[in-house]
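# Structural description and commentary
Listed below, chain by chain, are the residues.
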Amino acid sequence: MGFATNAIHVGQEPDPATGAVVAPIYQTSTYVYEELGKNKGYDYARTNHPNRKALEKTIAKLEGGHSAYVFTSGMAAIDSVFRLFRPGDHIVLSEAVYGGVYRLSTQLLVHFGLEFSFVDTSIPACVLTAMRPNTKLIYIETPTNPTMRVTDIAAIAKMATERNVTLAVDNTFLSPYLQRPIELGADIVVHSMTKYLNGHSDCTGGAAILTRPEDAEKIYFIQRSAGAGLAPMDCFLVSRGLKTLAVRMERHNQNGMAVAKFLEGHAKVKRVIYPGLASHAQHEVAKRQQRGFGAMLSFDLGSLDAAKRLLNHVKLCSLAESLGGVETLISHPALMTHASVPPDIQKQIGITEGLVRLSVGIEDVEDLIADLDQALAKV
Ligand SMILES: Cc1ncc(COP(=O)(O)O)c(C=O)c1O
């Protein structure tokens, strides 16, 4: 079946008890036993519940994985993947990862004996140089948040396979509709489902998609032991969001490109970073490995003052953290999403004071452009 058909039907069969086409929200913490040692497959909602099982089935199918596990946030899913490793293991990460991943690794997991190196993974030679005999995982985000750097997944996968190193890819910015890391050689995919998979900005969630049964077993153990599995209502919301993922992403692609072109042609904008533009440093890689360019872009206005003026004058775009929803969100990475990244590192990876990040929604694009145009006039 095609992607949209799978998104609507896999794991989303009518409720066996009532025939409801949309399965109900199983809002219960516990499940009755028929007799000692015999239940209907569920005992306690931390361990598992029907809404979680359904969503995990859909997501595993859409990413082409062996199995998927869903968590209370993207960070909880990423944390569970890092917990597959042991003290003394070394992990190479994209230097421009989401600020929360930088914080989790450098301020928390480092105290549990994991070692981290941050490099520009868009240059495969940098990854090779960073590898050590104890390197166990390469963790890449592509495109990166918010600098939109693109990493060649197949090239890094080849390098990882040859050295018996696991490759994990954060596919949040594009969703499996636009990028399929497992087909390109990744072993693990992670998502902040808070973004495109849910698509409606009404819950947080994360997913880890595995290709190897032994990883799946460990992640399920972590999920049910540490207790960060996603709750019934939130699973229901993401399952509902997924049903329109294909049509939403088509519209996101169109709007993303139109807004990027508008900004690139605007005199007040110094630079637009969007993988769909020929001016993007990894445009060719993006063209090759992505099915579309998505709707995340960043642009530089040259100074904090200029960025502030724009952010304080937009009317339709909402000044808010997060991304990937139907509504357009605008943010200032240096002071918002990436505030936990030290200023010298921000500078090194290209997060300038004038950088603005845009998550282009699926509104009428003329309205978005008009809003940005009137706010840019105030800069
Ligand atoms: C690329 C990326 N990965 C992971 C996360 C973390 O996800 P969550 O906020 O759902 O914990 C984010 C959050 O913005 C993100 O942008």
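Our subject in this report is the structure included herewith. (Residues numbered from 1 in each chain as written. Predicted model: local features only at pLDDT ≥ 70, side-chain atom pairs only at ≥ 80, totals over all residues. Heavy atoms only, no water.)

### Points about the packing of helix H3 (residues 74-82) against helix H4 (residues 99-108)
Relative orientation of the contacting elements H3 and H4 amounts to 40 degrees, with a least axis distance of 11 Å. Put simply, H3 runs oblique to H4. Crossing of H3 against H4: the hand is right-handed. Judged by residue contacts, Met 75, Ile 78, Asp 79 and Phe 82 of H3 engage Gly 100, Val 101 and Leu 104 from H4. (Axes fitted to C-alpha atoms, helices over the stretch in contact; angles between N-to-C directions. Helix = DSSP H or I, 4+ residues; strand = E, 2+ residues; numbered from the N terminus. Parallel < 35°, antiparallel > 145°, perpendicular 65-115°, else oblique. Left-handed = near helix turned anticlockwise from the far one by under 90°. Contact = heavy atoms within 4.5 Å.)

### Re unusual backbone geometry
Cis geometry marks the peptide bond from Thr 142 to Pro 143, where omega comes out at -5 degrees. That bond from Asn 145 to Pro 146 is cis: its omega, 5 degrees, falls within 30 degrees of zero. Residue placement: Pro 146 occurs in the loop between strand S4 (135-141) and helix H6 (153-162). If you check the backbone angles, Asn 164 has positive phi at about 60 degrees while not being a glycine. Along the chain, the position of Asn 164 falls in the loop between H6 and strand S5 (166-170). Note on Asn 164: relative accessible area 71%, which makes it exposed. Phi at Ser 201 takes a positive value of approximately 55 degrees, unusual for a residue other than glycine. Exposure remark for Ser 201: the relative accessible area of 40% places this residue in the partly exposed category. (Buried < 20%, exposed > 50% of the residue type's maximum accessible area, 1.4 Å probe, protein only.)

### Things to note about the sheet that holds strand S10 (residues 318-319)
Across the sheet, which stays open at both edges, the five strands sit in the order S8-S9-S12-S11-S10 with mixed pairing between neighbours. For this open sheet the edge positions go to strand S8 (271-273) and S10, each flanked by a neighbour on one side alone. The pairing of S8 with strand S9 (residues 296-300) spans three bridges and is antiparallel. Opposite Val 272, over in S9, you have Phe 299 as the bridge partner. (Pairing = 2+ DSSP bridges.)

### Re the side chain of Asn 171
With respect to the helices and strands, the residue Asn 171 is situated in the loop between S5 and helix H7 (175-178). By relative accessible area, which is 0% here, Asn 171 ends up buried. Beyond its immediate sequence surroundings of up to four residues, Asn 171 is in contact with Glu 63, Pro 176, Gln 179, Pro 181, Val 189, Val 190 and His 191.

### Re the site of the ligand
The environment of the ligand is made up of 15 residues, and the closest members are Gly 74, Met 75, Asp 170, Ser 192 and Thr 194. Within the contact set of the ligand, an oxygen atom lies 2.9 Å away from a backbone nitrogen or oxygen of Gly 74. The side chain of Thr 194 places a nitrogen or oxygen atom 2.7 Å from an oxygen atom of the ligand. A total of 390 Å² of accessible area belongs to the ligand in isolation, and the protein chains cover 92% of it. Looking at the shell around the ligand element by element, the count peaks at three residues for H3. Across the shell around the ligand, the residue classes tally to five nonpolar, seven polar and three charged. (Near = heavy atom within 4 Å. Polar contact = N/O pair within 3.5 Å; in protein donor to acceptor, adjacent residues only side chain to side chain. Areas by Shrake-Rupley, 256 points an atom, 1.4 Å probe, with all protein chains shown as cover. Nonpolar A, V, L, I, M, F, W, Y, C, P; charged D, E, K, R; others polar.)

### Focus on the sheet that holds strand S1 (residues 67-71)
An order of S1-S7-S6-S5-S4-S2-S3 is seen for the seven strands of this open sheet, with the pairing classed as mixed. On the outer flanks of this sheet lie S1 and strand S3 (115-119), each paired with one strand and no other. Taking each pair of neighbouring strands and ignoring which way they run, the sheet shows an average axis angle of 20 degrees. As paired strands, S4 and S5 are joined by five bridges and run parallel to one another. Paired with Leu 137 across the bridge in S5 is Thr 166.

### Section: helix H2 (residues 50-63)
Residues three or four positions apart in an α-helix share a direction because the helix packs 3.6 residues into each turn. Between its first and last C-alpha, H2 extends 20 Å over 14 residues, near the 20 Å set by a 1.5 Å rise per residue. Burial analysis of H2 places 11 of its 14 residues in the buried class, which makes it a mostly covered element. Looking at H2, one finds that the buried residues are Pro 50, Asn 51, Arg 52, Ala 54, Leu 55, Glu 56, Thr 58, Ile 59, Ala 60, Leu 62 and Glu 63. (Expected span 1.5 Å × (residues − 1).)

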